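Inside the fold
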Amino acid sequence: MRTLRLPGFSVQRLFFTRGHFRGAVLLFLSLTSVDARADPHKVWIAGAYAFSDELGGFHITGASGIGTKDDPFVVTEEFNSATPVTLTIRAVKPIQPFGVPGEFANGMMYMRIDALNNGGQGWIEFQFELQSILGEPSTDDDGLSFDQANKTPDYIWSRGFAEYYRELSPYDRLSFMKGKVDPLETASFTFRITDFTPKWQFWLVQEPRIPTS
């Protein structure tokens, strides 16, 4: 499926040329508004980021928040199968590491995913994977992780699963296990994404898992 890309829309422009940034954002919003007329659930903007289900396989039904611990990004989704899907995340405001949440894309994102299981089969596990290059797992050297610097996070939680495991090397994955989410039930997941070299675009792969036999 076509991915919305803005030629020449780079971190350097976001840092140094306000005029170019405004033009790029207007172009981005005009493109998304066209897509929104065809599919109103395609792109949702919250704080300094946009969340898109453009790669297919699921639907975003809402997004809110600014990405802080007290006001996390909350993305509500509907899954129609148990196949992996990919959430596209883009900056829609200037990038500034550690900038004011909501005003800048600062690479520090507390998140809650509320995922409705509308696929007809119960989930027994659920995994997230970060990608800074679409189709390739995030690695140690791209600055993107599930808050790798925090060795004892107290905010990772799930409604539906009792335990989690962070795989921080060589890839960035977060797995939830020991639970079950039946059809038409909603699982919730809270975690933090950190990107110390903030990117204007990255991806979050989401994979519900069902019994194999």
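Quick note: structure is the one above.
Along each chain, residue indices are assigned from 1 in the same order as the chain's sequence is written. The predicted nature of this model means local features are confined to residues of pLDDT at least 70 and side-chain atom pairs, given and counted, to a pLDDT of 80 or more, with totals for whole chains, interfaces and linings taken over all residues. The side-chain values count all of the structure's non-hydrogen atoms but skip hydrogen atoms and water molecules.

1. Digging into empty space enclosed by the protein
This is how the line gets drawn: Using protein atoms alone on a 1 Å grid, points that fit a 1.4 Å probe yet trap it form a cavity, whereas open point sets bounded by protein on both sides within 12 Å along at least five of seven lines form a pocket; residues with an atom within 4 Å of a point count as lining. Grid points are joined across faces, edges and corners, and a volume is the space filled by probe spheres set on the points. Each residue gets one label: Ala, Val, Leu, Ile, Met, Phe, Trp, Tyr, Cys and Pro are nonpolar, Asp, Glu, Lys and Arg are charged, and the others, such as Gly, are polar.
Tallied over the full model, the rule gives 1 cavity of 30 Å³ or more. Size it by volume and the largest cavity reaches roughly 30 Å³. Surrounding the largest cavity, Y49, G107, M109, I193, D195, P198, K199 and F202 form its lining. A per-class count over the lining of the largest cavity returns 5 nonpolar, 1 polar and 2 charged.

2. Digging into the sheet that holds strand β13 (residues 201–209)
Through backbone hydrogen bonds, the strands of a sheet pair up, either in parallel or in antiparallel fashion. Note the threshold: Two strands pair if DSSP finds at least two bridges between them. Going along the chain from the N terminus, every DSSP run of H or I of four or more residues is numbered as a helix, and every run of E of two or more is numbered as a strand. For helices, the fitted axis covers only the stretch in contact; all axes are lines through C-alpha atoms, and the angles between them, taken along N-to-C directions, range from 0 to 180 degrees.
Strand order in the open sheet formed by 7 strands is β1-β2-β5-β13-β7-β11-β10, and the pairing between neighbours is antiparallel. With partners counted over all chains shown, the strands left at the sheet margins are β1 (43–46) and β10 (161–167), one partner each. Ignoring strand direction, the axes of neighbouring strands in this sheet form an average angle of 20°. Sheet analysis places strand β5 (residues 85–91) next to β13, joined by 6 bridges and oriented antiparallel. Of the residues in β13, the one forming a bridge with T88 is W203.

3. Examining the environment of E77
Let me state the cut-off plainly: Exposure categories follow from relative accessible area, calculated using a 1.4 Å probe and restricted to protein chains: below 20% of the type maximum is buried, above 50% is exposed, and the middle band is partly exposed. What makes two residues a contact is simply this: any of their non-hydrogen atoms within 4.5 Å. The term polar contact refers here to a pair of N or O atoms within 3.5 Å; inside protein, the definition further demands a hydrogen-donor-capable atom paired with an acceptor-capable atom, and it admits residues adjacent in sequence only when both atoms are side-chain atoms.
Here E77 shows up in strand β4 (residues 73–79). Accessibility expressed as a relative area gives 2% for E77, which makes it buried. With residues near it in sequence (within four places) discarded, E77 still touches F58, H59, I60, T61, L87, I113, D114, A115, L116 and Q206. At 3.2 Å, the side chain of E77 and the side chain of Q206 are in polar contact.

4. Section: the packing of aromatic side chains
Where we set the bar: Any pair of Phe, Tyr and Trp rings, taking the six-membered ring for Trp, is counted once the centres come within 6.5 Å. Such a pair is stacked with planes under 30 degrees apart, edge-to-face with planes over 60 apart, and tilted for the rest.
Tallying each qualifying case throughout the model produces 17 aromatic pairs. Seen from their ring centres, F128 and F189 are 5.2 Å apart, and the 75° between their planes marks the pair as edge-to-face. With F128 in strand β7 (residues 125–131) and F189 in strand β12 (residues 186–195), this pair connects stretches of sequence that are 61 residues apart. For the pair shown, F128 and F189 are each scored as buried. Joined through ring pairs, the aromatic side chains of F58, F79, W123, F126, F128, F146, F161, Y164, F176, F189 and F191 make up one cluster.

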